[in-house]
Amino acid sequence: MLEEEDLPPVEQLLAAAVAGVGGTDRPGQVTMTRAVSYAIENDEHVAVQAGTGTGKSLAYLVPAIRHAIESDSAVVVSTATIALQRQLVDRDLPRLAEALADHLPHEPQFAILKGRRNYLCRYKVTAAWPDDEDDQLFDPREVSATGRMVQRLQEWAEQTETGDRDELVPGVNEQAWRQFSVSAKECLGAQRCPSGSECFAEQARERAGQVDVVVTNHALLAIDAMEEFAVLPDHDVVVVDEAHELVDRVTSVVTDELSEVAVATAVRRVGRLIEQGVADRLQEAGEDLKALLAAAPPGRLDQLPQVLGVTLSVLRDAAFACITAMGPRGGDMWGGRAGEDPEQAGQRKAAYTALDEVHDTAVRILEAFGGDSEVDRAEVVWLEGATDRRPALLKVAPLSVGGMLRDKLFADRTVILTSATLALGGTFEGMARQWGLGPARPPHQAPPASGQETPDQNTPGDGPSPSAEGAGDTHKGPGPKSEQKRKDWTGIDVGSPFDHARAGILYVAKHLPQPGRDGLPKEYIDEIAELIEAAGGRTLGLFSSMRAAKAATEALRERIQTPLLCQGDDSTSLLVKQFAEDPSTCLFGTLSLWQGVDVPGPSLSLVIIDRIPFPRPDDPLASARQRHVAAKGGNGFMAVAATHAALLLAQGAGRLLRGQNDKGVVAVLDPRLATARYAGFLRASLPPFWATSDPQKVRAALRRLTATP
């Protein structure tokens, strides 16, 4: 391990990095780098809001790399999206490593690591494996398309050097990929698998164990935190980029589902390994579940219906009987038996995995209704109705993942959380509660590190009582909760390089009626048409639902000459590319466009948001969380619905200014952003644009902008 004085100061390394990549000095980037370095050196957490154009990747990578080399241990960088992973691994880290090579003892090394399911399984390509054909689609055209994908996968398997699914272009559907991959629970393990020495997933883990920076995703970060065995290399610092998505991604990981397909898969896998009568009882229980779910209305289950409780109990017991009938799992960590060949071991492991999934999910759903009151409730259960592609599903998710994050992620590591959108309503309180963090450390309680300045800190005061969203102790995963003293944390907003008040206008159409449930009012269509005509196209329309986006598209294609693209017309990436290349074009869409569009330049000068993006009233998880917060004495609407809306509004408004020369308008058609009691909270979450409710001023500004060369 190197000593502190053996390495250049972090400011010197940042200057070298900026010069090496051809960048320019940015005050916000320097402030963020110092804040991250201070947090690492003082073993505390920091949440950094850094606007677009700040250069936040360099700002956290430079101190992270310095710490990795000094401590001779890896630093983990977690992202929410594949796009950012690829940007880091293919662009940012190679350039940064080259720029810092002459200033450090060795050139920084890095690798990407994903969950095992993302890598091709060499053994499964050649071995007999339990047949899950019932999961296939019944449309002959779909089956034929999947068959062609399987053939292409077999050819790719002979050529690929990484086995990484994301490197297969064009991609394949889930049905095809599932035939060539295994989950961590299904894997035989490198010691038992005949292809263990050539395993792509093991090779990726080995590479990750030898580098300074490991790039992964929020889902794998959550799995690593929850499991008893390590998935990621040893590390004491985690950088969570796109931290505004951490809670949703972790929630997805700890959400379980139960369906007729899951039961049928378990029956099929175990059928040849135990007596037929035992497997038949599980099959009968699955058929009862199928009939029950098919007849039940979708939605949240606040009480456990007696007939469903009985069915789940029978299903649980039948699955346990099958597990018992299979006998001991074996002595090693992978459940292998002495003398068992790999094919037999693979079949047994797959059967155990499927049975455990059915049994444990049934138990979890039954236990979700064990509380005496709403305050005691820890999880929510709901039924999703069947679609053309899948049967009805029973799902169970925690009301909060804050406790799990606090105990499993924040307790033993220094965590750097960053995004362009973290300070909702002007403070970090809302996000901190969801992460399970307590009140922030006031700035005066800790002096800056030697030779460093104290960054300008925007820390929230004592927030609402622990009854607020995210403050609960709900967590999924083994082991008791940590009783360690909580680490301090600080929130800091390093600002943005954009002059929002000069470059952008926030227009709230206060004169329009409130949005209703029956689609877009005619007045909204008229307003959109007038704004687009004034802007000369150049419009990104962000709608709260796909139905609204399509309705607006159909209505406007008949009355304006501007080319109008709608999400679903083609792949989203191709639509965004077409939109970016033609300034006269408009693009309408829903959620993925709110956060996934980066179009600097003249092709985007108007962002239209049809309504405040509150979660749907019938959303099972959001509504349950809101009610739970209220039952514990908090403001459920503000903690859940308003926080959700503020985050999406800020993300949507952030689509406007992507380059230093960008100018334009964010137009929110929902008048509640000007009139409702919660409007101040929502507007405080948005960039500080110049604001108006005058439609004439906005249209005139757009015409001037369009006329400017």
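For clarity, every value in this text was computed on a predicted model and none was experimentally measured.

Chemist: Is there a simple way to explain the sheet that holds strand β12 (residues 504–508) in this structure?
Modeler: By definition, the strands of a sheet pair up through backbone hydrogen bonds, in either a parallel or an antiparallel sense. Sheet architecture is open: seven strands sit in the order β14-β15-β13-β16-β17-β12-β18, paired in parallel fashion. Edge positions in the sheet fall to β14 (564–566) and β18 (690–692), since each has one partner strand and no second. Direction aside, the axes of adjacent strands within the sheet are offset by 15° on average. With three bridges joining them, β14 and strand β15 (residues 586–589) adopt parallel strand pairing. Paired with Cys566 across the bridge in β15 is Phe588. Here helix α18 (residues 522–535) sits on the sheet and contacts β12, β13 (539–542), β15, β16 (606–609) and β17 (664–668); the angle it forms with β16, its principal contact strand, is near 175°. Relative to the sheet, helix α19 (residues 546–557) contacts β14 and β15, its axis offset from that of β14 by approximately 160°.

Chemist: Even after reading the chapter, I still don't get the pattern of salt bridges, so can you show me in this structure?
Modeler: Opposite charge on two side chains allows them to pair when their charged atoms are near. Going through the model one piece at a time under the given rule, you end up with 38 salt bridges. With its nearest N and O atoms 2.9 Å apart, the salt bridge here joins Arg86 to Asp90. Highlighted residues: Arg86 and Asp90, both in helix α4 (residues 82–100), separated by four residues, approximately one helical turn. Given the relative accessible area of 23%, Arg86 is considered partly exposed. With a closest N to O distance of 3.0 Å, Asp302 and Arg627 form a salt bridge. In this pair, Asp302 is assigned in the loop between β7 (299–301) and α13 (306–325) and Arg627 in helix α22 (residues 620–631), connecting sequence segments 325 residues apart. Each member of the salt-bridge network shares a partner with another, and the members are Arg300, Asp302, Glu374, Arg377 and Arg627.

Chemist: Could you clarify how one ought to interpret the environment of His67 in this entry?
Modeler: Among the structural elements, His67 can be located in helix α3 (residues 56–71). Judged by its relative accessible area of 14%, His67 falls in the buried class. Measuring from C-alpha to C-alpha, the distance between His67 and Asp212 comes to 9.0 Å, with 145 residues separating the pair along the chain. Each residue touching His67, except ones within four places of it in the same chain, is listed here: Ile40, Asp72, Val75, Asp236 and Val237.

Chemist: Help me understand the packing of helix α9 (residues 218–226) against helix α10 (residues 246–253) in this model?
Modeler: Each packed pair of helices is defined by two parameters, the angle between the axes and the distance between the axes. Close contact between α9 and α10 brings their axes to 9 Å; oriented N to C, the two are set at 60°. What the angle tells us is that α9 and α10 run oblique. Once α9 is placed against α10, the crossing between them reads as right-handed. Here His218, Ala219, Ala222, Ile223 and Met226 of α9 lie close against α10, whose contacting residues are Leu246, Arg249, Val250 and Val253.

Chemist: Whenever I open this one, helix α11 (residues 260–270) confuses me. Can you help?
Modeler: A turn of α-helix holds 3.6 residues, and therefore any two residues three or four places apart point the same way. Those residues of α11 that fall on the buried side of the exposure criterion are Ala262, Val263, Thr265, Ala266, Val267, Arg269 and Val270. Check the buried side of α11 and you find it contacts β6 (256–258), α12 (276–295), α13 and α14 (342–367).

Chemist: Please clarify how the sheet that holds β7 should be interpreted in this entry.
Modeler: Spatially, four strands are ordered β6-β9-β8-β7 in an open sheet, and the strand pairing comes out antiparallel. In this open sheet, the two strands that pair with only one neighbour each are β6 and β7. Here the strands of the sheet are splayed against their neighbours by 30° on average, with no regard to which way each runs. Of the strand pairs in this sheet, β6 and strand β9 (residues 393–398) are connected by three bridges, and their pairing is antiparallel. Paired with Glu257 across the bridge in β9 is Lys395.

Chemist: Any chance you could explain the side chain of Lys395 here in plain terms?
Modeler: Its place among the elements puts Lys395 in strand β9. If we ignore the near neighbours within four places in the chain, the residues touching Lys395 are Thr255, Asp256, Glu257, Val380, Val381, Trp382 and Glu384.

Chemist: What is the right way to read unusual backbone geometry from this model?
Modeler: Residues other than glycine predominantly adopt negative phi, and peptide bonds predominantly adopt the trans conformation. Along the chain, Val169 connects to Pro170 via a cis peptide bond; the corresponding omega equals -5°. Along the chain, the position of Pro170 falls in the loop between α6 (140–157) and α7 (174–178). You will see that Glu242, though not glycine, has its phi angle at about 55°, which is positive. Judged by relative accessible area, Glu242 falls into the buried class, the value being 15%.

About the cut-offs
- Residues numbered from 1 in each chain as written.
- Predicted model: local features only at pLDDT ≥ 70, side-chain atom pairs only at ≥ 80, totals over all residues.
- Heavy atoms only, no water.
- Pairing = 2+ DSSP bridges.
- Helix = DSSP H or I, 4+ residues; strand = E, 2+ residues; numbered from the N terminus.
- Axes fitted to C-alpha atoms, helices over the stretch in contact; angles between N-to-C directions.
- Contact = heavy atoms within 4.5 Å.
- Salt bridge = Lys/Arg side-chain N within 4 Å of Asp/Glu carboxyl O.
- Buried < 20%, exposed > 50% of the residue type's maximum accessible area, 1.4 Å probe, protein only.
- Parallel < 35°, antiparallel > 145°, perpendicular 65-115°, else oblique.
- Left-handed = near helix turned anticlockwise from the far one by under 90°.

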